[in-house]
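# Analysis of the macromolecular model
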Amino acid sequence: MVMGRAIVITSGKGGVGKTTATANIGTGLAMSGYKVVVVDTDIGLRNLDVVMGLENRIVYDIVDVVEGNCRLKQGLIKDKRFDGLYLLPAAQTKDKTAITPEQMIELVAKLKEEFDFIIIDSPAGIEQGFKNSIAGADEAYIVTTPEVSAVRDADRVIGLLEAHGIKNPKLIINRIRYDMVKRGDMMNVEDIIDILAIDLLGIIPDDEAIVISTNKGEPVIAEEKPLSAKAFRNICSRILGNEVELLDLDVNEGKFSKLLKILFSK
Amino acid sequence: MKEGLVSFKGINGGIYIHVKGGEYSSILEELERKLLESLDFFKGAKIAGIKGDSISREEKKELLNIMKYKYDLNVTEDFKEDPLDRPNMFEGIVEGMTKFIHNTIRSGQVIEYDGNIVVIGDVNPGALVRAKGNIVILGRLKGVAHAGCDGNTKALVAAYDLRPTQLRIGNIISRRPDENMDTTGLPEVAKVHDNEVVIEPYLPRK
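What comes next is a walk through the structure. Bear in mind the structure is a predicted one, so any value in this text is a computation, not a measurement.

### Some remarks on the overall build of chain B
Looking only at helices and strands, one finds 3 helices and 15 strands in chain B. Taking 2.2 N^0.38 as the reference for a compact globule, 206 residues should give roughly 17 Å; the C-alpha atoms of chain B span a radius of gyration of 22 Å, well beyond that estimate. In terms of its C-alpha atoms, chain B occupies a principal-axis envelope of roughly 65 × 35 × 30 Å. Counting every position in chain B, which comprises 206 residues, the buried fraction comes to 44%.

Given below as structure tokens:
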């Protein structure tokens, strides 16, 4: 039997987009027809349910499942839009010590029998919650933003993952602003990869559409137009083993202006 | 089919049924088969309960009920510890013990009381208010409220602004619609009618 892939999405630093990335990648893979579960391990500060718009369906959570207050199936919440997509929410009224890495390993092993992908949303920090989140994972995706502090934390986390036996984590650079990079006011992709020295999985532009979709509780990836949605679709495609070119983030330069440039450059 | 999901162990109080993992349907199948193999023996014995972490409380209850009513066995385990089945459920919803809370209840906070709860303040999303009696919120209810949590479906939830993530009364759960909820802007009361949570205006007639 083919077992599912357990992937943890982590960053060290908070607020860089782990939860957004988890929701979008999970949704994207489910849209491609895979059976996916997204797992929120941020106990006490759960958000993934809100971003996915499933908060009103929570009856049981990950702690109930781990403690045996309910069956695993009772804890899984079916997505409202996509078949094959499920959420295992975190508990809100407990804290990170409510589960142990050993319990996570057992839980993820069970999920791997049922699902093609287990996407685990990690909490910020490197303490117990982080240790829980990586315990059952086979692969790790690091989310960072083009800021020195986020990159520094990403570097620390990559080291911890390697010490834990998770080799070759992949990098997602979030919230890139092409205009700032062009002016030299923001770290560019090459700078970040140079520091972290890991493979790049994808880049996500800073995009208002993400804010809107997050507030609506519907991951942006299902929308046709936004650039960030395209970026996430590319990431999903790469996860599935396809070669996809990096997105051209030069949004200000539409087709028309490019055409003008070509015409006048002669 | 997997075998050995169900085993029997006699202890001085009676027979305990031990259940190991597996799907509920196969557990039930095996249990029924084993019962039928020596039904006379089981009829003379006391069934003291079901043990096993892999099956849920509801499923245990169902199995016990099957043994009790379908096979007419002497089942002594009652689900006293289950709040939803407690025979002496809280009745003081007209007049009874009440806790007053003068505070905003924030995400992650849980307020529980073995009586009625009145919150003078808001209940934010992610918060949980659980009472054996009624719940009255003099403010916005946006979190989860569970009234009559030991099984009293006559309990009610009232709020100045009733927009809960989820409402539970007794063992009935209802959730907020996914679309934006239209509210009257007036205080509202949630009650159970025909096994469903129904929201009504606060005043019968205006």
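### Considerations on the pattern of salt bridges
All names here are of chain A. For the structure shown, the criterion picks out 20 salt bridges over all chains. In this structure, the salt-bridge partner of Asp179 is Arg177, at a minimum N-O distance of 3.6 Å. Where Arg183 meets Asp185, a salt bridge forms, and the shortest distance between an N and an O atom there is 3.0 Å. Residue Arg183 is classed as exposed on the basis of its relative accessible area, which comes to 53%.

### Notes on the sheet that holds strand β4 (residues 74-75) of chain B
All names here are of chain B. Here we have 4 strands laid out as an open sheet, ordered β1-β2-β3-β4, and mixed in their pairing. In this open sheet, the two strands that pair with only one neighbour each are β1 (6-11) and β4. Sheet topology note: the strand β2 (residues 14-19)/strand β3 (residues 46-51) ladder contains 4 bridges and is parallel. Bridge pairing in β3 places Ile17 opposite Ile50. Contacts between helix α1 (residues 24-37) and the sheet are confined to β1 and β2, with β1 contributing the most and set at about 55 degrees to the helix. The strands that helix α3 (residues 57-70) touches are β2, β3 and β4; relative to β3, the one it contacts most, it runs at about 160 degrees.

### A short note on unusual backbone geometry
Residues other than glycine seldom take positive phi values, yet A:Ala197 does so here, at roughly 50 degrees. Mapped onto the elements, A:Ala197 comes out in the loop between α9 (189-196) and β8 (199-205). When its relative accessible area of 63% is taken as the criterion, A:Ala197 is described as exposed. One non-glycine residue, B:Asp194, adopts positive backbone phi at about 50 degrees. Locating B:Asp194 in the fold gives a position in the loop between β14 (188-193) and β15 (196-201). Looking at B:Asp194, the relative accessible area reads 77%, which means it is exposed.

Calculation notes
Every residue gets a number counted from 1 within its own chain, in the order that chain's sequence is written. Naming scheme: in the order in which they are written, chains are lettered from A and ligands are numbered from 1. A pLDDT threshold of at least 70 governs which residues receive local features in this predicted model, and a stricter bar of 80 or more applies before side-chain atom pairs are shown or counted, although totals over entire chains, interfaces and linings include all residues. The basis for the side-chain values is all heavy atoms of the structure; hydrogens and waters are excluded. Put simply, DSSP marks the helices as runs of H or I at least four residues long and the strands as runs of E at least two long, and each gets a number from the N terminus on. Here the radius of gyration uses the C-alpha set of atoms, whereas the globule reference equals 2.2 Å times the residue count to the power 0.38. Burial classes follow relative accessibility: with a 1.4 Å probe on protein chains only, a residue under 20% of its type's maximum area counts as buried, one over 50% as exposed, and anything between as partly exposed. Salt bridges are identified by distance alone: a Lys or Arg side-chain nitrogen within 4 Å of an Asp or Glu carboxyl oxygen. A pair of strands is treated as paired once DSSP finds two or more bridges between them. We call two residues contacting when some pair of their heavy atoms lies within 4.5 Å. Orientation is described by axes fitted as lines to C-alpha atoms, over the contacting stretch for helices, and by angles from 0 to 180 degrees between their N-to-C directions.

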